[in-house]
Amino acid sequence: TFLRDLADGWNEVASRRWLVASLGAFAFGNLAFAGFFVLGPVTIDRFYGGASDWGLLMGLFGLGGVVGGAIALRWRPSRPLVACFGMLLLAPAMLLLLSATPPLAALAVGIIGFSSSIAFVNTVWHTTVQEQVPAESLSRVSSYDWMVSLLIFPAGSALAGPMADAFGARTALLAFAGIAGIPVLLVLLVPAVRDVRRREMAPAVPDDSASEASEAAEQAAA
């Protein structure tokens with residue numbers, strides 16, 4: 001039944017401490033990520049060139065995604081989750097950078113690093129989950145992963161406006177940087193997260209039985 005599948009999926013998640021810790025960190029990261037897309041345009045409109053500069057940054061955001069994907073193709077870290085969360089620290093760094101309102105060129109570099117880290121993390125994370133979770137449980141575990149992400153993102157969007165009204169956009173960006181950064185630093189301290197290793201591809205092993213059968217057939221024909 002649906003409820004049994006739901007319970008089985010949660011048991012698979014809860015039995016892996018690295019998975020629980022990672023989902024918690026991702027939840028806070030997505031909350032702050034949503035805040036960036038609400039407060040980013042406000043900040044760019046107030047201190048920079050408005051819509052044209054925001055459009056430029058979003059174009060560079062797409063470019064950063066391509067860069068992050070290329071990095072994921074070339075770099076296959078032996079400790080994938082350590083690499084993921086280390087790269088993910090670029091997200092709160094971008095929020096801190098935006099709150100400081102530096103020159104637009106600095107924001108351009110920051111947004112490329114920010115988006116490349118997201119592309120890299122998504123690639124390595126989903127690969128790691130597929131390596132570490134049994135195939136028969138993968139759909140249920142992935143459903144919890146997506147549920148955490150999709151539920152928390154609207155909450156960040158809803159919080160950003162009231163926080164900016166109450167404390168100012170700059171303070172709200174600093175708060176979101178802490179919301180994203182502190183859980184990432186904490187999850188790096190979890191031994192189960194650091195202990196996850198990338199699985200090496202097993203070398204192809206020739207099928208000796210098939211070779212022997214072929215030789216026997218040739219001898220019989222002779």
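Residues numbered from 1 in each chain as written. Predicted model: local features only at pLDDT ≥ 70, side-chain atom pairs only at ≥ 80, totals over all residues. Heavy atoms only, no water.

(A) View of the packing of helix 5 (residues 90-99) against helix 8 (residues 169-187). Viewed as axis vectors pointing N to C, helix 5 and helix 8 meet at an angle of 165 degrees, and their least axial separation amounts to 8 Å. By the angle between their directions, the pair helix 5 and helix 8 is classed as roughly antiparallel. Relative to helix 8, the crossing made by helix 5 is left-handed. Seen from helix 5, the contacting residues are P92, L95, L96, L98 and S99; seen from helix 8, they are R170, L173, L174, F176, A177, A180 and G181. Across the contact of helix 5 with helix 8, the residue classes break down as nine nonpolar, two polar and one charged. (Axes fitted to C-alpha atoms, helices over the stretch in contact; angles between N-to-C directions. Helix = DSSP H or I, 4+ residues; strand = E, 2+ residues; numbered from the N terminus. Parallel < 35°, antiparallel > 145°, perpendicular 65-115°, else oblique. Left-handed = near helix turned anticlockwise from the far one by under 90°. Contact = heavy atoms within 4.5 Å. Nonpolar A, V, L, I, M, F, W, Y, C, P; charged D, E, K, R; others polar.)

(B) The arrangement of the pattern of salt bridges in detail. Scanning all chains against the criterion turns up three salt bridges. Residue R140 pairs with D5 through a salt bridge whose shortest N-O separation is 3.1 Å. A residue pair is termed long-range when its members are at least 10 positions apart, and R140 in helix 7 (residues 138-167) and D5 in helix 1 (residues 2-14) qualify at 135 residues. The partly exposed category is assigned to R140, whose relative accessible area is 28%. (Salt bridge = Lys/Arg side-chain N within 4 Å of Asp/Glu carboxyl O. Buried < 20%, exposed > 50% of the residue type's maximum accessible area, 1.4 Å probe, protein only.)

(C) Here's a closer look at helix 3 (residues 51-74). Relative to the 34 Å expected for 24 residues at 1.5 Å per residue, helix 3 spans 35 Å between its end C-alpha atoms, a close match to the ideal helical length. Residues of helix 3 that are buried include every one of D53, W54, L57, L60, F61, G64, G68 and A72, and no others. Packed against the buried residues of helix 3 are helix 2 (17-47) and helix 6 (104-132). (Expected span 1.5 Å × (residues − 1).)

(D) Structural view of helix 2. The end-to-end C-alpha separation of helix 2 is 43 Å, in line with the 45 Å expected for 31 residues at 1.5 Å each. Along helix 2, the largest kink reaches about 35 degrees and is centred on L39; proline P41 follows within four residues of it. (Bend = angle between axes of the 7 residues up to and from the residue.)

(E) The arrangement of a nonpolar patch on the surface in detail. A cluster of nonpolar residues, F2, L3 and L6, forms a patch on the protein surface that exposes about 340 Å² of accessible area. Along the chain, the position of L6 falls in helix 1. A residue is classified by how much of its surface remains accessible, and L6, at 36% relative accessible area, is partly exposed. (Patch = residues over 30% accessible without salt bridge, like charges linked within 9 Å, V, L, I, M, F, W, Y side chains within 5 Å. Areas by Shrake-Rupley, 256 points an atom, 1.4 Å probe, with all protein chains shown as cover.)

(F) Spatial organisation of the packing of helix 2 against helix 8. As a packed pair, helix 2 and helix 8 sit with axes 9 Å apart at the nearest point and diverge in direction by 160 degrees. Taken together, the axis directions place helix 2 and helix 8 in an arrangement best described as roughly antiparallel. In this structure, the crossing between helix 2 and helix 8 has a hand that is left-handed. Side by side, helix 2 and helix 8 meet where A21, S22, A25, F28, G29, L31, A32, G35, L39, T43 and F47 of the first sit next to A169, R170, A172, L173, F176, I179, A180, P183 and V187 of the second. Split into classes, the residues belonging to the contact of helix 2 with helix 8 amount to 15 nonpolar, four polar and one charged.

In short, shape yes, function no, at least from these values alone.
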